[in-house]
Every structure is written in C-alpha cells, then in structure tokens.
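A look at the structure
What follows is the residue order along each chain.
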Amino acid sequence: MSMRHILITGSTSGIGWGLARGFAKQGYSVTLNGIADAPTVEKLQSELRSEFKVKTSYSSADMRRPSEIRDMVVKAEAELGPIDVLINNAGIQHVAPVDEFPEEKWDAILAINLSSCFHTIHAVLPSMKRRGTGRIINIASVHGLVASPFKSAYVAAKHGVLGLTKSVALELAETAITCNAICPGYVRTPLVEGQIDQQAAAHGTTRDKVIRDVILAAQPKKEFIEVEHLAELALFLASPSAKAMTGSILTMDGGWTAR
Ligand code: NAD
C-alpha cells in the first residue's frame, strides 16, 4: 500500500483515538491532534509506537483557529511526510433549547465541528493535488441527516459537513482524491458520557435508564456503535477499492435513519 500518513483531528479521545489505532494497526504513520495534557499525549503516542511500530506526531492545534490548523498541516508534513488521508473528526456538543443556547457555544460548535473541516481541507489539498492522490473522510453524524431537539448548533454543523463533503467531492471528481462522510449513531465516548450524566442529573434518574430510554431510544438496534467498526469503514474508504466512492454519505447508526 502506498498510502502511509494519516492526520486525524480530535484524535486524543473517543472515535478519533479508535481511528488512530485502526490505521496504525495497518501500518499508517499517525498525526494526532486534540486537547490533552503532555503526559496523555506521550502515553497515546508511545502506545501507537510500541504496539504497532509506526511513526507518530502530535499537534495541539485548536480547531477554532485557522492559523493553527495551517501550522498543524505544515508541521505534520514536515515530520511524517505528505498527508495521504485526512480525517476530520474533532467535535464538541452542547444541549440546550435554541432560545437559551449560549452564543459562544454556537460559535464554538460551528467552528470546531464544521469550519475546521474547511480549513484542514484547504490546507492539505495543494499537496494532495500535486501528488494526484488522497483521501478525505469527514466524521459527521446521524445528526447530519436528521435532527433532534436541543442540538441546534450540532445539527446545523453536521448538516453543513455533509454539504461540504459533496461539494468537495464534485470539485475533485476528475482527480484520484475522494471525499466522503461517515455518519455514526451513538458511540460510547466521553462526548456521549457527558450527555448521559447531564440527562441523568436533569431527570433525577439513573445512567442506565438514560441510556435505555433517552440515548438509545432512536437507535433501533439498542446497542452503541463500536469505534473499531468505524475504523474498519474508514480504512475501506482509504483503500484503493473505494476509488469510485466520492461524495458518499455512509451511515453506521443501528438503523436510526431507516425510520
Ligand atoms: P470525544 O469528546 O471523545 O473526542 C473529541 C475529540 O475532539 C477530542 O480529541 C478532543 O480533544 C477534540 N477536540 C475538542 N475540541 C477541540 C478543539 N477546539 N481543537 C482540537 N481538538 C478538539 O468525542 P467523540 O464522541 O469521539 O466525537 C468525535 C466526533 O464524532 C465528533 O465530530 C462527533 O460529533 C462525532 N460523532 C460522535 C458520536 C458519538 O456518539 N460519540 C456520534 C456521531 C458523531
């Protein structure tokens, strides 16, 4: 396989970390990004290096800041070579009625969950175009396709990610660079654990009840999606066999969007 360097935004935790492990297992050098303290970053990098014998790099770039995103791409390519696969994964959540939604949370969610995808693509494409190859995978959400109440910013951002995915795919259709999106249902990560805690406190009930009656209520299979399976799907999109797939919106959602 000629594709060897992957940059994953928001990969110090949850889905991004699962993707990092999945690609490292297949021999990819990995550039990690996310908010984490130095010992955590060192632990994550040494885990990938010792378990999978791959090279790693890390950028602390804040996905709200375009200049840091540009610098992240320059640093990653200087340290591990051209970026063959970009996965836009960084994301945050905030749940509140739209009329009470804090303005700064709206701005942060739009910046991290949507605009950062534009800025990373903007920064990696010149090198992908020069080499005539590349894979861009955007981690959207079922909330890119359907809405839930109290998640206006998240739903707006994720719908935007799908629009961006399709537009970029069309622009690059006559090249060997593809751009696709994955829409997971609920995955048990720190982002979702936070929502479970918040709901349990708000309703004065147990975490188990929240998981059953609130979190998994819309997910017909009633099981969380596993990060390892998302990594397998992303690996397929990065493989030569997926060269004809571009602008695709792939769900892994336990049947959520079949309703
Ligand atoms: P998580 O909270 O476990 O991880 C989020 C990652 O993003 C972390 O590495 C964090 O450090 C990073 N991050 C947050 N703010 C950042 C910033 N300003 N700059 C750089 N990095 C930042 O969350 P997760 O559940 O793994 O979510 C990852 C992605 O998957 C998100 O885009 C989320 O919307 C999407 N998603 C999650 C689920 C789910 O059920 N967990 C479902 C569908 C989609």
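None of these values were measured; they are calculated from a predicted model. (Residues numbered from 1 in each chain as written. Predicted model: local features only at pLDDT ≥ 70, side-chain atom pairs only at ≥ 80, totals over all residues. Heavy atoms only, no water.)

Attention now moves to the pairing of strand β6 (residues 177–184). Among the 8 residues that make up β6, 8 are buried, leaving the element largely enclosed by the rest of the structure. Of the two faces of β6, the one lined by Ile177, Cys179, Ala181 and Cys183 and the one lined by Thr178, Asn180, Ile182 and Pro184 are each fully buried. When strand β5 (residues 134–139) meets β6, the two strands line up parallel, connected through 6 bridges. Paired with Ile137 across the bridge in β6 is Asn180. Regarding the hand of the β-α-β motif, the stretch spanning β5, helix α5 (residues 152–171) and β6 is right-handed. Where β6 lies against strand β7 (residues 249–252), 4 bridges are found, and the strand directions are parallel. Within β7, the position partnered with Ile182 by the bridge is Leu250. (Buried < 20%, exposed > 50% of the residue type's maximum accessible area, 1.4 Å probe, protein only. Helix = DSSP H or I, 4+ residues; strand = E, 2+ residues; numbered from the N terminus. Pairing = 2+ DSSP bridges. Right-handed = clockwise from strand over helix to strand, strands pointing away.)

Residue Lys53 is not a glycine yet carries a positive backbone phi of 55 degrees. Tracing the backbone shows Lys53 in the loop between α2 (38–52) and β3 (56–59). You can call Lys53 exposed: its relative accessible area is 67%. Residues other than glycine seldom take positive phi values, yet Lys222 does so here, at roughly 60 degrees. Inspection of the secondary structure puts Lys222 in the loop between α7 (207–213) and α8 (227–238). For Lys222, a relative accessible area of 44% puts it in the partly exposed group.

Right, let's get into helix α4 (residues 103–131). Across its 29 residues, α4 extends 41 Å between first and last C-alpha, which sits within 8% of the 42 Å expected from 1.5 Å per residue. A bend of about 45 degrees at Ser115 is the largest found in α4. Residue Gly132 follows α4 closely and has a positive phi angle near 70 degrees. (Expected span 1.5 Å × (residues − 1). Bend = angle between axes of the 7 residues up to and from the residue.)

Split into domains, the chain comes out as domain 1 (5–187 + 225–253) and domain 2 (188–224). Its C-alpha centre places domain 1 at a distance of 25 Å from the equivalent point of domain 2. Opposite the 14 residues of domain 1 that make contact, domain 2 presents 12 residues. Summing the contributions of domain 1 and of domain 2, the shared interface buries around 1000 Å²; its carbon and sulfur component is 57%. For domain 1, the biggest contributors to the area lost against domain 2 are Val95, Tyr186 and Val187; these three give 52% of the whole. Between the two partners, domain 1 and domain 2, sit 0 salt bridges. Remark: the boundary between domain 1 and domain 2 carries 3 residue pairs in polar contact (both at pLDDT 80 or more). (Domains from an automatic or database assignment. Contact = heavy atoms within 4.5 Å. Buried area = accessible area lost by both parts, 1.4 Å probe. Salt bridge = Lys/Arg side-chain N within 4 Å of Asp/Glu carboxyl O. Polar contact = N/O pair within 3.5 Å; in protein donor to acceptor, adjacent residues only side chain to side chain.)

All right, on to the packing of helix α3 (residues 66–80) against α4 then. Their axes nearest at 8 Å, the elements α3 and α4 cross at an angle of 35 degrees. Read as a crossing pair, α3 and α4 show a hand that is right-handed. On α4, the residues that touch Pro66, Ile69, Arg70, Met72, Val73 and Glu77 of α3 are Ser116, His119, Thr120, Ala123, Val124, Ser127 and Arg131. (Axes fitted to C-alpha atoms, helices over the stretch in contact; angles between N-to-C directions. Left-handed = near helix turned anticlockwise from the far one by under 90°.)

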